[in-house]
Amino acid sequence: IRKYTPTGELLMTLGTPNQPSAKMSGEPFSVPAHVAIDKRNGDFYVADGYSNARVHKFSPDGKLLFSWGESGTGDGQFNIVHNVVVDNNGWVYVADRENHRIQIFNSEGKYETQWGNLSRAAAICIDDHSGEELIYVGEYFCGIRTNDIGTDLGPRITVLNTNGKVLARLGRESYGEQSGRFYSPHGI
């Protein structure tokens, strides 16, 4: 993980390039996928989901505070921690891609709840510019190749409020180049 100034000056490096931690060791970093910053205090979270099933929390100066998660399908367990975001209240939203859900934790890593009925949740973003925080989730196709014309299986974008209520879904048809379709929403 590297932190830069807006002009490109390197401020901090965490981990050692090309020397990943052992798979499922729980140690930072196996294959990190995303970073989220808590705007309230500068703490940041790293989704270390490929081969590690962990979220790592760091202080603004890069000190590892703690980590949580393990491989599995239960509460607080992960199957590809793909993205992570923090809302204005410090709640941590984790896109648990292959478990088809978003898990929500407090700032101490304690499991609070989850949102299901998602395709393969890969990208997650919070928009707090409208006065109400909206959560956008990019979802991959979750069908199988022989069911590639199935509908409501992703890929799509789901818009939720912070209570988990689905406000809108963009993309009902299967993947494709046509207007209103997606392939693999990977970032928002």
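Placed above this text is the structure.
Below: a short report on this structure. (Residues numbered from 1 in each chain as written. Predicted model: local features only at pLDDT ≥ 70, side-chain atom pairs only at ≥ 80, totals over all residues. Heavy atoms only, no water.)

Here's the deal with the overall build of the chain
Here is step 1 of the chain: The helix and strand inventory of the chain stands at zero helices and 16 strands.
Here is step 2 of the chain: Against the compact-globule benchmark of 16 Å for 188 residues, the chain has a radius of gyration of 17 Å, which places it among compact chains.
Here is step 3 of the chain: For the C-alpha atoms alone, the extent of the chain along its principal axes is close to 45 × 40 × 35 Å.
Here is step 4 of the chain: Across the 188 residues of the chain, 44% fall into the buried class.
Here is step 5 of the chain: Long-range contacts, defined here as pairs at least 24 residues apart, represent 38% of the contacts in the chain between residues at least 6 apart.
Here is step 6 of the chain: In the chain, the 18 positive side-chain charges and the 22 negative ones have mean positions that sit 3 Å from each other. (Helix = DSSP H or I, 4+ residues; strand = E, 2+ residues; numbered from the N terminus. Rg over C-alpha atoms; globule rule 2.2 N^0.38 Å. Buried < 20%, exposed > 50% of the residue type's maximum accessible area, 1.4 Å probe, protein only. Contact = heavy atoms within 4.5 Å. Lys, Arg positive; Asp, Glu negative; His and termini not counted. Charge placed at Lys NZ, Arg CZ, Asp CG, Glu CD.)

A word on the sheet that holds strand β14 (residues 134–140)
Here is step 1 of the chain: Read from one edge of the open sheet, four strands run β13-β14-β15-β16, paired in antiparallel fashion. The sheet terminates laterally at β13 (120–127) and β16 (166–170), the two strands that pair on one side only. This sheet shows a mean twist of 20° between the axes of neighbouring strands, independent of strand direction.
Here is step 2 of the chain: Inspection of the sheet shows β13 paired to β14 by seven bridges, in the antiparallel sense. For C125, the partnering residue across the bridge sits in β14 and is Y136. (Pairing = 2+ DSSP bridges. Axes fitted to C-alpha atoms, helices over the stretch in contact; angles between N-to-C directions.)

Considerations on the pairing of strand β9 (residues 81–86)
Here is step 1 of the chain: Here β9 lies mainly inside the structure; six of its six residues are buried.
Here is step 2 of the chain: Taking the residues that link successive antiparallel strands as the turn, the β9-strand β10 (residues 92–96) hairpin has five residues, and the phi of G90 there is positive, at about 90°.

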